[in-house]
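Given next are the chains, with one letter for each unit.
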Amino acid sequence: MSLRYFNQTGWTAIFNGTDTEIGRMVRVEGWDQATGTALVVDPKRGALRAVTDYEDFSHLERADQVVAAVPGGGWRVHWKDEGPGGTPLTEQVLAWLITSQGRATAITVDAQGHVEDADGADAFIAPGEDPVH
């Protein structure tokens, strides 16, 4: 997962790519107050830039707006075949991200410190329950 699907504005700009730039998704940082156009960070200029200034701008897509984060509370997630060599894997839920639409997304952290969402998990294990076999 990439946490770029979660942002403050609730929108992501989609760019098709050009001969020199690959297609990409960029989070919308805000809106031009005069025109209402979505603004994204232009890392080369070091400034906000209107999406319509890019020749390969395609469209905007909704992103989840996180309005709260709560501790994992002892929940775990289980995948049947995501461990080493396709073995089972169970990880602790670090936190639950709560979106403006009321959706709760479990966020895990693995032994290497990589943060992922658990949307593709095969099972959720409540605190005190035995792991899935």
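We now turn to the structure provided with this report. (Residues numbered from 1 in each chain as written. Predicted model: local features only at pLDDT ≥ 70, side-chain atom pairs only at ≥ 80, totals over all residues. Heavy atoms only, no water.)

**Notes on the sheet that holds strand E6 (residues 57–62)**
Put simply, the test is: Any two strands between which DSSP finds at least two bridges are classified as paired. A helix here means a DSSP run of H or I that spans at least four residues, while a strand means a run of E at least two residues long, and both kinds are numbered starting from the N terminus. Axis lines are fitted to C-alpha atoms, over the contacting stretch for helices. Their N-to-C directions set the angle, which ranges from 0 to 180 degrees.
A sheet is described by the order of its strands in space; here three strands give the open sequence E2-E1-E6, paired in antiparallel fashion. The strands lining the two open edges of the sheet, one partner per strand, are strand E2 (24–27) and E6. For this sheet the average axis-to-axis angle between neighbouring strands, irrespective of direction, equals 30°. In this sheet, E2 lies alongside strand E1 (residues 11–15) in antiparallel orientation, the contact comprising four bridges. Bridged to Ile14 within E2 is Met25.

**A few points about the pattern of salt bridges**
The criterion, for reference: One side-chain nitrogen of Lys or Arg within 4 Å of one carboxyl oxygen of Asp or Glu is enough to make a salt bridge. To sort residues, take the accessible area from a 1.4 Å probe on protein chains only and compare it with the maximum for the residue type: under 20% means buried, over 50% means exposed, and anything in between is partly exposed.
Taken as a whole and assessed by the stated rule, the structure comprises eight salt bridges. Notably, a salt bridge pairs Lys44 with Glu21, separated by 3.7 Å at the nearest N-O pair. Pair noted here: Lys44 is in the loop between strand E4 (38–42) and strand E5 (47–50) and Glu21 is in the loop between E1 and E2, with a separation of 23 residues, a long-range link. Exposure remark for Lys44: the relative accessible area of 74% places this residue in the exposed category. Since its relative accessible area comes to 28%, Glu21 is described here as partly exposed. A salt bridge links Arg27 to Glu29, with the nearest nitrogen and oxygen atoms 2.7 Å apart. Taking the relative accessible area as the measure of exposure, Glu29 reaches 36% and is therefore partly exposed. When salt bridges with common partners are traced through the structure, they connect Glu21, Arg24, Lys44 and Asp56 into a single cluster.

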